[in-house]
Every structure is written in structure tokens, then in C-alpha cells.
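# Analysis of the macromolecular model
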Amino acid sequence: MSSITDPPQGSFRLSMLINDTRYRSLTFQAIAALILALSIWYLGNNLIQNLRQAGLNISYNFLGNPAGYDINQTLVEYTSRSTHAQAALVGILNTLLIAFLACVMATIFGVAAGVLRLSNNWLVSKLMGVYVEIFRNIPVLIWIIIIFTIMTAVMPAPRAFRGDEPEATMLLNAFAFTNRGIYVPAPIWGPGSLVVVLTFLASIVGIFAYRRYATKTLYATGRLLPTFWPSIGLFFVPTILMHFIMGQPISLDHPVLGGFNFSGGLQLGAPLIALWFALSIYTGAFIAENVRAGIQAVSKGQSEAAGALGLRSGRIMSLVVLPQALRVIIPPLISQYLNITKNSSLAIAVGYADVTATLGGITLNQTGRAIECVLLLMLFYLTISLTISGVMNVYNNSVKLKER
Amino acid sequence: MKKTAFYGALTVAGFAASMASAATLDDVKERGVLNCGVSTGLVGFASPNANGVWEGFDVGVCRAVAAAVLGDAEAVEFVPLTTKTRFTALSAGEVDMLSRNTTWTFSRDVDLKLEFTGINYYDGQGFMVPRDLGVSSAKELDGATVCIQTGTTTELNLADYFRSNNISYEPVPIETNAEAQQQYLAGACDVYTTDASALAATRASFEAPGDHIVLPEIVSKEPLGPLVRHGDSDWGDVVRWTLNALIAAEELGVTSANIEELAAAPTGNPEVNRLLGTEGELGAMLGLDANWAVMAISAGGNYAELFEKNIGENTPIGLARGLNAQWTDGGLLYSPPFR
Ligand SMILES: N[C@@H](CCC(=O)N[C@@H](CS)C(=O)NCC(=O)O)C(=O)O
């Protein structure tokens, strides 16, 4: 590079752009960039011209018109008179919800299966191997449909719960498993419940603070404080105490059978469950392999050294192996999270109202605004994917090997 | 899916320009096959039989057009399209025409740049429920879970109907009729709603049709008809007048049985003569042979024959003519004159 910044003065000829190695690569890059720009311009221009000739125009005005259709799972206020923009928002929130739930669940499945696959127990490790190979080698769309079909075909319809001798009964009078979804009790937030929730959040912070303190004490003095039972205690005791102190502000709304469906309680629709479960178990298989690779990347000598110092195997895993393995695990984990988010667009297969189903499905179809809708969709998925990798990169930087 | 939709959009944009100006009629003649978009499978309207040959009322319209243009009712390539993909496929030039239970609406005609060439079935939206649910009116459906096909007028009508009657429901959006049927039978939804004709056809394909009832309410107008792309009026005329020929043939008493005899020489009825090309130049005006209507009617019979054979009262589907009777019999079928 330094040779380019310092060319022999006064002797530049045009042919040197090709013949002189100092300039050649720059020349070719400039030509390639020009061709790229021209072809993008050509394609864009072609599109605009064809649209104009067909009497079509790009306009986002339709977003302000009433959508006219209903959606079965809405996290925000929505009726069929709401706008297409609101329908898109409902879809976006549903996408984010399923992506979040599936990322958490897939991580749990993946870490468990990855660690167990390295277990010394022959049966356990082989079972995990079978799980990984079966799930990651069958397309996720098929898993989604299989799980959904099993749910709708095997579980009883709500009408089976009716009558004096019903074919199906609720679990503990609080949980109903039907082919349309699972109904669970929902909390009712009475006055004063905010205090209870804040107490709960504070105890979560407390748990983390205590664990950090315990680690610090361990490193500083070598004294080992118990962490498991104090954490469990912190998790439950203050919140339950506060609940009774405030006069039991949080009560439960049990689902009851009324009319055609259960009402009350919280409904986890069959599409949500099928999609959630399928995405988690499918991606979990990939994460399991990442975890296994990460653990195996930590040299055996490390565990042996830790063992020689007298550490128990659980501690070797959590204090020595995992912290180093995370450096290997996290980068591919990011792409698995991105995969989950993008694969969630298969939701329409089971009628889950994600953004591809609302904005990219019904809205696109009813308004015929294909280009506009698809551009918006691309923008959304791009934004969300970049955000996820941004956040995960920050985390990656925090666990990566600190040199110097 | 994102990708296909985008490429779809690009192709729409890319093709629409060339297609709008191009003469579909010439393309079809040159290709020697008519590409006709039909539903993915709705017994009586469009479905492949045991030998894989497409049959049905909507299929009959495709065959009539192919016969009129190419002289061969078999020269049709049937393209099964879902409610979601049908308009993109038509706009992109993948099919020359659509004949698949499609409702003529303002926005499809004007905004989606499609051209409806007539109405071959006057329909309305109905509801089907299992008999043992004990429901006798759509107004009793408060809180029900309803299966609907997405991208249809059905889903919009449904929202409007329940809203104006102030009752709630939970929609289950589904892509094809076959899937909807499966979900409905598994009890994943209480109600299946779509065009009443399609409900009758779906019900007829159940193992125990008697266990299901169609509720009396018809909540919308669904004029179903064949359609083509905007901007190619010549081709639109061919499809429009082929359908009219089938309807007029019934009115004039021309059937597949007597057509050979009637077309052999001019008859005493000038309109029959003009229709069958033994008098006048109607075929040439469309850019077709003089015997175009003879071919179209011979393909599967006139409107009444198509109706009775595929969806009429003597078929499992058992639809009465009702609104779809000739205007002379108190129905709405009314072909403009052939002159
Ligand atoms: N007529 C309405 C509804 C059309 C519709 O839903 N058609 C269904 C009736 S079952 C159909 O053709 N299904 C067959 C398929 O899925 O291909 C429209 O044009 O939007």
C-alpha cells in the first residue's frame, strides 16, 4: 500500500493502470464497482419503468386504510377496523414473541443436549446423538406441520369437555389441553400488585448480586459460599412474603368452558405452541452441536489440571471448561438465533399471525401491494437480524478472551 | 416465502408491461395450449378425477375457451392456484385466464388491474357446522373458532358480519380448501365458512355429509366468474363471449346433442345461426373461426349441461339452479344478444 501513496512523480502513463501492479488491482476494483452500480441502476430503472407502463405506482397510502380482517392472536389493541399498519404491528410483535420464546427454549434444549452428548453414560450420549441427527436433518417446516397435526388430531376438542360425563377433563381444574391450544390460569393484577412485581424484580437483581459476591469471596479468600439454596430462597421468599403483606393482590383467573371455547385464563394457541416447539427443538439440535464443539475445543489438559487441583467435575465444567467454551459457542449461536427469527416466517403454515402472515400475507393479498409489502418485510427482517447480531456481539465481546 | 413473493412482485412488474400490450390470443394460438388457472381441488368445480383428468364446472369454462380458440377442448394446461397465489399468477402471465370461484369486486377489477369477463355462478357466503353442535343460525356463533381461507373476500365478509352483529369469533387462517377441510373435521374449528357452493361441494366430499349442516344465513354477494388481465380487451372479449355463448345456447335450446344438426345448415332462428356461425361474421370479429361457438358448446355442453353434470341436483353436490337459472326462468343469467 505504501508504494501506491508514493508513486514516482511525473512518469505516470495511462497504460500503467493495467500494466503496473501498483495500480492494477485498483483499476479492476473501480471497473467492478462501476459495473455493479450500472447493473443496479439498470434493474431499478427497469422496474420503475415497467411499473409505470403497467399503471402501477409505489405508494404506502394503503397502510392507513382499514385492514378489514381479524387476527387470532393480538398483543396490542386490534379490530378489523384498525389500519393495515396496525395489523403489521400486531404481526411484528407476534414475530418477536415467537422468536424470543424459541431462542430461549432452543438454548435450553441445545445446551442440555450438547452437554449430555458428552456424558460418559453410553445410553444418554447415544440418545442425544439420535436427537441431534433426527431433528437437524428434517426440514423445520415439516416439524412444524407434524407437531401441529399431532396437536389437532390427538388432543380433545373443547366440546369434549362438555356434559356430565365429559370425555376429557381439566387438569387440577386450572389447565385445559385442547386441540386449539392450552389454557392456563392468568394472573389478575389487583391494586398493590405493582409492589409485589417490583419485589420480585429486586430479588432477581439480589440473586445476581449475591452470586457475584460469592464468586468474589471465593477468588479473594478461597472461602466457598453456598449459592444454590440462597438463590432459590431469594427467588421465592421475598415475593411470597410481600404478596401476603399486601393482602394477596394477585389472584388467578381460571379458564372455564363457555359456549364454543374456553374463556378466561391465558390461551396459548395451538399454532403458537407448534411453532415454538418445532423451532426450538429443531434449532436446539444445531445448538447442541455448537455446544459440543465448544466444549471439545477446550483442551483435555485444562480439565485434568483442574482435577489435579481437587475441583469436582461439576465445578470443572462451570468454572474452567464452559467459560472458555463460550468463546467458541457464541458466534455460531448468533447465527442460530438469526435462523430462528427468519424461520419463524414459516408461521403461516399453521395459521400463526406473524408479520409474514399479516403484512406479507393477508394485507399483501387484499391490497395487491406486493412490492411495497415485501420491501417493508425485508426492512423489518434486516433490522431485527442486525439488532440481534449487534446485541449478541456485545455479549461475545464480554466473554471473549481478554488479551493484553 | 418472502423471496418468492418478491420475485413474484418483480415478475409482475416485469411481465405486466410486456403482457398488457401483447396479444394473449396470438400467444395462445401460437402455443397451441391454453393455460388456465383453477382451484387446487374443489370437487364439482375443479378437481382431477381418478385418471388425473381435470373435471368440474370451472374446468368446463376453460375447456370451452380452449375449444373456441384452438378447436380442441383438451388443449388446456390446468394450473392449480391457491386463493393467495391466483392473482399474482395471472398478472405475471403464468396463466392466460382464471376460472376458479373468484368473486368480482371493485378493487380486484380496478386496483389489481384485472378484468372480469362475466359471471358463471351467482353465489353468497355461508357457514357450515357439525350437526351435533346444535347451532341453527349464524347469530348463535358467538365465541366460535372459524376456519377461513386467506386472501379471500370470505375473510373480509366474515369480519364485517360478526362485527355488525356484535359477536366475537376466533379466525383460523388457512391456505387451501383441503387443509381447511382437515382442520374442520379434526374439530380444530367449529365453523367452516366460504362460498355456499364451495361449502356444498366440500360437504359432499365428507364421509358422512349428513353430520354437517349449512346454516341458512347467506352473508354476502359472491358473483363468481372467469377473469383475465387488464389491458388486453381482445382476449377479454374472447373469454367473455365464450361464456355468453354457453349461456345463450341454453336459452336458445342449443345443446351438445342437437348442435351438430343445428350447425349443419342455417335454421329458422337467425340468432342461432349467428351464434353457430352459419350466418354473419361473429367469429371473424373475435379473431376466431366461424364455428368457434359450436366448438365451445360441443366441448362440455351448454351452461345447463355443465351445471347439471358437475354440480346440479343429480350430483352429490346437489345445487339447485336458484339465482343461476335463465332470466326467463326467474334467475339472473342473461346473455347480451348475439348480433
Ligand atoms: N369467492 C371468494 C372465495 C374464494 C375461495 O375461497 N375459494 C375456495 C372455496 S373452497 C377455493 O377455491 N378453494 C380451493 C383451493 O383452495 O384451491 C374469493 O374470490 O375471494
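All of these numbers come straight from a predicted model, not from anything done at the bench. (Residues numbered from 1 in each chain as written. Chains lettered and ligands numbered in written order. Predicted model: local features only at pLDDT ≥ 70, side-chain atom pairs only at ≥ 80, totals over all residues. Heavy atoms only, no water.)

## A look at the overall build of chain B
Along its length, chain B carries 14 helices and 14 strands. Computed over C-alpha atoms, the radius of gyration of chain B comes to 20 Å, within 12% of the 20 Å expected from 2.2 N^0.38 for 339 residues, which places it in the range of a compact globule. The principal-axis extent of the C-alpha atoms belonging to chain B is close to 60 × 45 × 40 Å. When the 339 residues of chain B are sorted by exposure, 58% land in the buried category. A fraction of 72% describes how many contacts in chain B between residues 6 or more apart in sequence connect residues 24 or more apart. When the 21 basic and 43 acidic side-chain charges of chain B are each reduced to a single mean position, those positions are 5 Å apart. (Helix = DSSP H or I, 4+ residues; strand = E, 2+ residues; numbered from the N terminus. Rg over C-alpha atoms; globule rule 2.2 N^0.38 Å. Buried < 20%, exposed > 50% of the residue type's maximum accessible area, 1.4 Å probe, protein only. Contact = heavy atoms within 4.5 Å. Lys, Arg positive; Asp, Glu negative; His and termini not counted. Charge placed at Lys NZ, Arg CZ, Asp CG, Glu CD.)

## Description of the UniProt feature "transmembrane region" (unreviewed entry) in chain A
Residues and elements named next belong to chain A. Feature annotation in UniProt assigns "transmembrane region" (unreviewed entry) to the following positions: residues 23-43, 87-116, 137-157, 188-210, 222-246, 266-288 and 374-395. A distance of 30 Å separates the end C-alpha atoms of residues 23-43, which is 100% helix and 0% strand. A distance of 41 Å separates the end C-alpha atoms of residues 222-246, which is 72% helix and 0% strand. (UniProt positions renumbered as here; feature names shortened; annotations may be inferred.)

## Here's the deal with the state of the cysteines
All names here are of chain B. Under the definition given, this model contains two disulfides over all chains. Shown here is the disulfide that connects Cys 36 with Cys 62, its sulfur atoms set 2.0 Å apart. Negative torsions about the S-S bond denote left-handed disulfides, and the value of about -60° found for Cys 36 with Cys 62 makes this one left-handed. Here Cys 62 lies in helix 3 (residues 57-70) and Cys 36 lies in strand 1 (residues 34-38), a separation of 26 residues in the sequence. Judged on exposure class, the residue Cys 36 and its partner Cys 62 are both buried. (Disulfide = S-S within 2.5 Å.)

## Observations concerning empty space enclosed by the protein
Applying the stated criterion across every chain yields a total of four cavities of 30 Å³ or more. In this structure, the largest cavity spans a volume of roughly 200 Å³. Every element with two or more residues in the lining of the largest cavity is listed here: helix 6 (153-164) and strand 11 (191-195) of chain B. Residue composition of the lining of the largest cavity, grouped by class: two nonpolar, 13 polar and four charged. Estimated volume of the second largest cavity: approximately 100 Å³. What lines the second largest cavity is a set of 15 residues, among which A:Asp70, A:Ile71, A:Ala353, A:Ile362 and B:Pro173 lie closest to the centre. If you list the elements that add at least two residues to the lining of the second largest cavity, you get helix 12 (355-367) of chain A together with strand 10 (169-174) of chain B. No other element matches helix 12 of chain A, which puts three residues into the lining of the second largest cavity. In terms of residue class, the lining of the second largest cavity is built from ten nonpolar, three polar and two charged. (1 Å grid on protein atoms, 1.4 Å probe; cavity = no way out; pocket = protein on both sides within 12 Å on 5 of 7 lines; lining within 4 Å. Points joined across faces, edges and corners; volume = space filled by probe spheres on them. Nonpolar A, V, L, I, M, F, W, Y, C, P; charged D, E, K, R; others polar.)

## Side note on the site of the ligand
All names here are of chain B. Neighbouring residues of the ligand: 23 residues in total, closest Thr 40, Thr 103, Arg 108, Thr 153 and Asp 195. Between a nitrogen atom of the ligand and a side-chain N or O atom of Thr 103, the distance comes to 2.6 Å. Contact between the ligand and Thr 153: an oxygen atom at 2.9 Å from a main-chain N or O atom of the residue. Within the complex, 100% of the 510 Å² of free accessible area of the ligand lies under protein. With respect to the detected pockets, the ligand is housed in the largest cavity. (Near = heavy atom within 4 Å. Polar contact = N/O pair within 3.5 Å; in protein donor to acceptor, adjacent residues only side chain to side chain. Areas by Shrake-Rupley, 256 points an atom, 1.4 Å probe, with all protein chains shown as cover. Sits in = over half its atoms within 2 Å of the grid points.)

## So, helix 9 (residues 233-252) of chain B
Helix length check: helix 9 of chain B, at 20 residues, gives a terminal C-alpha distance of 27 Å against a target of 28 Å (1.5 Å per residue), a fit within 8%. Downstream of helix 9 of chain B by a residue or two, B:Gly253 has a phi angle that is positive, lying close to 75°. (Expected span 1.5 Å × (residues − 1).)

## Concerning the sheet that holds strand 12 (residues 212-214) of chain B
All names here are of chain B. Across the sheet, which stays open at both edges, the five strands sit in the order 10-9-11-8-12 with mixed pairing between neighbours. Of all the strands in the sheet, the pair left with one neighbour each is strand 10 and strand 12. On average, adjacent strands in this sheet sit at an angle of 30° to one another, irrespective of strand direction. (Pairing = 2+ DSSP bridges. Axes fitted to C-alpha atoms, helices over the stretch in contact; angles between N-to-C directions.)

## Some words on the side chain of A:Gln366
Secondary-structure assignment places A:Gln366 in helix 12. Here B:Thr152 takes part through its backbone oxygen, which lies 2.8 Å from a polar atom of the side chain of A:Gln366. Among the polar contacts made by the side chain of A:Gln366, one reaches the side chain of B:Glu155 at a distance of 3.0 Å. If we ignore the near neighbours within four places in the chain, the residues touching A:Gln366 are B:Gly151, B:Thr152, B:Glu155 and B:Leu156.

## Here's the deal with the packing of aromatic side chains
All names here are of chain B. By the definition in use, this model includes 28 aromatic pairs over all chains. On the numbers, 5.8 Å between centres and 80° between planes, the contact of Phe 57 with Phe 307 is edge-to-face. Of this pair, Phe 57 sits in helix 3 while Phe 307 sits in helix 14 (residues 303-310), and the two are 250 residues apart along the sequence. One exposure class covers both Phe 57 and Phe 307, and it is buried. Through a chain of ring-to-ring contacts, the aromatic side chains of Phe 45, Phe 57, Tyr 121, Tyr 303 and Phe 307 assemble into a single cluster. For Arg 321, the ring lying beneath its charged end belongs to Phe 307, and the centroid distance is 5.2 Å. (Phe/Tyr/Trp six-rings, centres within 6.5 Å; stacked < 30°, edge-to-face > 60°. Lys NZ or Arg CZ within 6 Å of the ring centre and 35° of its normal.)

## What to know about the UniProt feature "domain: Solute-binding protein family 3/N-terminal" (unreviewed entry) in chain B
When the UniProt feature table is mapped onto this chain numbering, "domain: Solute-binding protein family 3/N-terminal" (unreviewed entry) sits at residues 33-262 of chain B. Secondary structure within residues 33-262 of chain B divides into 34% helix and 23% strand; the distance between the first and last C-alpha atoms comes to 28 Å.

## What to know about the domain arrangement of chain A
Accessible area lost on assembly of the parts is the figure often given for the size of an interface. When cut into domains, chain A gives domain 1 (16-51), domain 2 (84-179 + 268-399) and domain 3 (186-253). Placing the centre of domain 1 of chain A and that of domain 2 of chain A at their C-alpha centroids yields a distance of 42 Å. (Domains from an automatic or database assignment.)

## Things to note about the interface of chain A and chain B
With 46 residues of chain A in contact, the opposing surface of chain B contributes 47 residues. At the boundary of chain A with chain B, total buried surface from both sides reaches about 3700 Å², with 58% on carbon and sulfur atoms. The interface formed by chain A and chain B includes three salt bridges. A salt bridge links B:Asp160 to A:Arg81; its shortest N-O distance comes to 3.8 Å. (Buried area = accessible area lost by both parts, 1.4 Å probe. Salt bridge = Lys/Arg side-chain N within 4 Å of Asp/Glu carboxyl O.)

## Re the domain arrangement of chain B
Residues and elements named next belong to chain B. Each assigned domain of chain B is listed here: domain 1 (22-122 + 223-329) and domain 2 (125-220). Facing the 18 residues of domain 1 at the interface are 16 residues of domain 2. By the criterion of area lost to domain 2, the three top residues of domain 1 are Leu 42, Thr 83 and Lys 84, representing 34% of everything that side buries. For the interface between domain 1 and domain 2, the tally reads one salt bridge. Taking the shortest distance from any N to any O, the salt bridge between Glu 175 and Lys 84 comes out at 3.9 Å. Here the residues of the side of domain 1 that touches domain 2 sort into eight nonpolar, seven polar and three charged.

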